[in-house]
Amino acid sequence: MSLRITPLTGNVGASVEGINLNEPMAPEVFRELNAAFLRYCTLVFRDQFVGPEAQIAFARQWGEPVVTAGLSKLQLAATPEVVQITKIPKATSSTEAWHYDSPFTAVPPKLSILSAQVVPNGGDTMWTNQYVAYDRLSEGMKRMLAGVRVRFRGVRLARMQGIADKDIACAVHPLVRTHPETGGKVLYIAQSDNIESFDGMTPEETRPLLDYLYAHCTQPDNIYRHMWRVGDVVMWDNRCTMHYAVHDYGEQERVLNRVTLKGEVPV
Ligand SMILES: [Fe+2]
C-alpha cells in the first residue's frame, strides 16, 4: 500500500489517501506520514469512520494523549482521552476566532486529531500556515519582533466556561517560535482578546501591532478551509498553524471527536 499525498492549497493542508486509520501502521508509513504532516501542517483523511479506540491508537504514534483539564463534561466515559466537541452557542464560542490551542498554558499541545461523527451544513474549519506568515514579513519587521514575548491569557475560553477573572490561565511565550522538529520559525499569536500585551509593552502599544499580525497571518491565500463529511479525520500541528471553527450552522448538530497530544514548552 502506498500513500497518495496531495496538497490542498499552495500553502497549507494536504489530503492523504491509501491508508486505513483503523489498522496499525507500519513504521515506514508513519515516517512518510510524519514528513507530510511536518510539511503541510494539516492532514485530511476522508472516509475513515474511526471510533475512539482507533483514534487513540493512531494518535499514540505521535506522542502522549492528554486528558484536558476543565473538559471533563465532554470526555467519553470509557476513553477520557477523547473529547466530544459538540455545538456551542455562537455568542460564547471561543473557537470562532483564529487561535492556537491553549497558548495560555505553560506547555501547549503538540497536535490535535478530529474525527467527524455528525456534520451540519456548514461548520467548516480553517487552518493557516504560520511559517509562511513569518516568512512574508519584511526583514525590518523580523528584526523588530525578534526576542518579543507574548503574555497570553485564556479570556475567550474563560468567558465560555464562566471562569472568574482571577482564575484565568496565563502564560508568556516567544512571539517568534522555533518549531522543535523542523527548526522553522513561526508567528505565535492569538486574537487580541487572548493577549494581555507583548511583554514589557503596554496594551495600547501592543494592540495595533498585534492586529496587523493577526490580519497578516489570516490572509485568504494562507488558509485551507475544510468542509467536513462524516468519517473525515483531520490532524493539525498546533505548533505552526492557527485554526478557526466557522459557526454558521445555527441549531444543527455537530459532533467531532478530538484527541490532543502533549506538547513542549515553546522556544
Ligand atoms: Fe481550537
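Conventions used here
Residues numbered from 1 in each chain as written. Predicted model: local features only at pLDDT ≥ 70, side-chain atom pairs only at ≥ 80, totals over all residues. Heavy atoms only, no water. Phe/Tyr/Trp six-rings, centres within 6.5 Å; stacked < 30°, edge-to-face > 60°. Helix = DSSP H or I, 4+ residues; strand = E, 2+ residues; numbered from the N terminus. Buried < 20%, exposed > 50% of the residue type's maximum accessible area, 1.4 Å probe, protein only. Donors = N, O, S within 2.8 Å, 3.2 Å for Na, K, Ca; no water. Polar contact = N/O pair within 3.5 Å; in protein donor to acceptor, adjacent residues only side chain to side chain. Contact = heavy atoms within 4.5 Å. Pairing = 2+ DSSP bridges. Axes fitted to C-alpha atoms, helices over the stretch in contact; angles between N-to-C directions. Core = buried A, V, L, I, M, F, W, Y, C linked by side-chain atoms within 4.5 Å. Domains from an automatic or database assignment. Salt bridge = Lys/Arg side-chain N within 4 Å of Asp/Glu carboxyl O.

Caption draft 1: Fine view of the packing of aromatic side chains. One pass over the full model with this rule turns up nine aromatic pairs. Taking 4.8 Å as the distance between ring centres and 65° as the angle between the ring planes, the aromatic pair formed by Phe30 and Trp62 counts as edge-to-face. Placement of Phe30 in helix α1 (residues 27-40) and of Trp62 in the loop between α2 (52-60) and β4 (83-85) is noted, with a sequence separation of 32 residues between them. Look at Trp62 and you get buried, because its relative accessible area is 6%. For the pair Phe152 and Tyr188, a centre-to-centre distance of 5.3 Å together with 65° between the ring planes defines the contact as edge-to-face.

Caption draft 2: Region of the structure containing the coordination of the iron ion. Only His99 (NE2), Asp101 (OD) and His243 (NE2) from the protein reach the iron ion as donors, at distances of 2.1 to 2.2 Å. Counting residues between consecutive donors of the iron ion along the chain gives the motif H-x1-D-x141-H. Of this pair, Asp101 sits in the loop between β4 and β5 (111-118) while His243 sits in strand β14 (residues 243-245), and the two are 142 residues apart along the sequence.

Caption draft 3: A look at the side chain of Ser112. Mapped onto the elements, Ser112 comes out in strand β5. Here the side chain of Ser112 touches Thr260 through a polar contact of 2.8 Å, side chain to side chain. Residues contacting Ser112, with those up to four places away along its chain left out, are Asp101, Val234, Met235, Trp236, Arg258, Val259 and Thr260.

Caption draft 4: Main features of the sheet that holds strand β15 (residues 255-261). Strands sit in the order β1-β2-β3-β13-β5-β15-β4 across an open sheet of seven strands; the sheet is mixed. In this open sheet, the two edge strands, each paired with only one partner strand, are β1 (4-7) and β4. In this sheet, neighbouring strand axes are inclined to one another by 25° on average, regardless of whether the strands run parallel or antiparallel. The sheet strands contacting α1 are β1, β2 (14-17), β3 (42-45), β5 and β13 (233-237), and the helix crosses β3 at an angle near 125°. This element, α2, spans β3, β5, β13 and β15 of the sheet and lies at about 30° to β15.

Caption draft 5: Spatial organisation of the nonpolar core. The biggest cluster of nonpolar side chains holds 44 residues, and the ones touching the most others in it are Leu145, Leu175, Leu187, Ile189, Phe198 and Leu213. In terms of residue count, helix α6 (residues 203-217) provides more of this core than any other element does, five residues in total. Domain assignment of the residues forming this core places at least three in each of domain 1 (4-88 + 109-121 + 224-261) and domain 2 (130-217).

Caption draft 6: Spotlight on the pattern of salt bridges. The full count for this structure, using the stated rule, is 20 salt bridges. Glu139 is paired through a salt bridge with Lys142; the nearest N and O atoms lie 3.4 Å apart. Residue Glu139 and its partner Lys142 are located together in helix α4 (residues 139-145), separated by three residues, close to a single helical turn. The exposure class assigned to Lys142 is buried, which follows from its relative accessible area of 14%. Across the pair Asp237 and Arg239 runs a salt bridge whose closest N-O atoms are separated by 2.8 Å.

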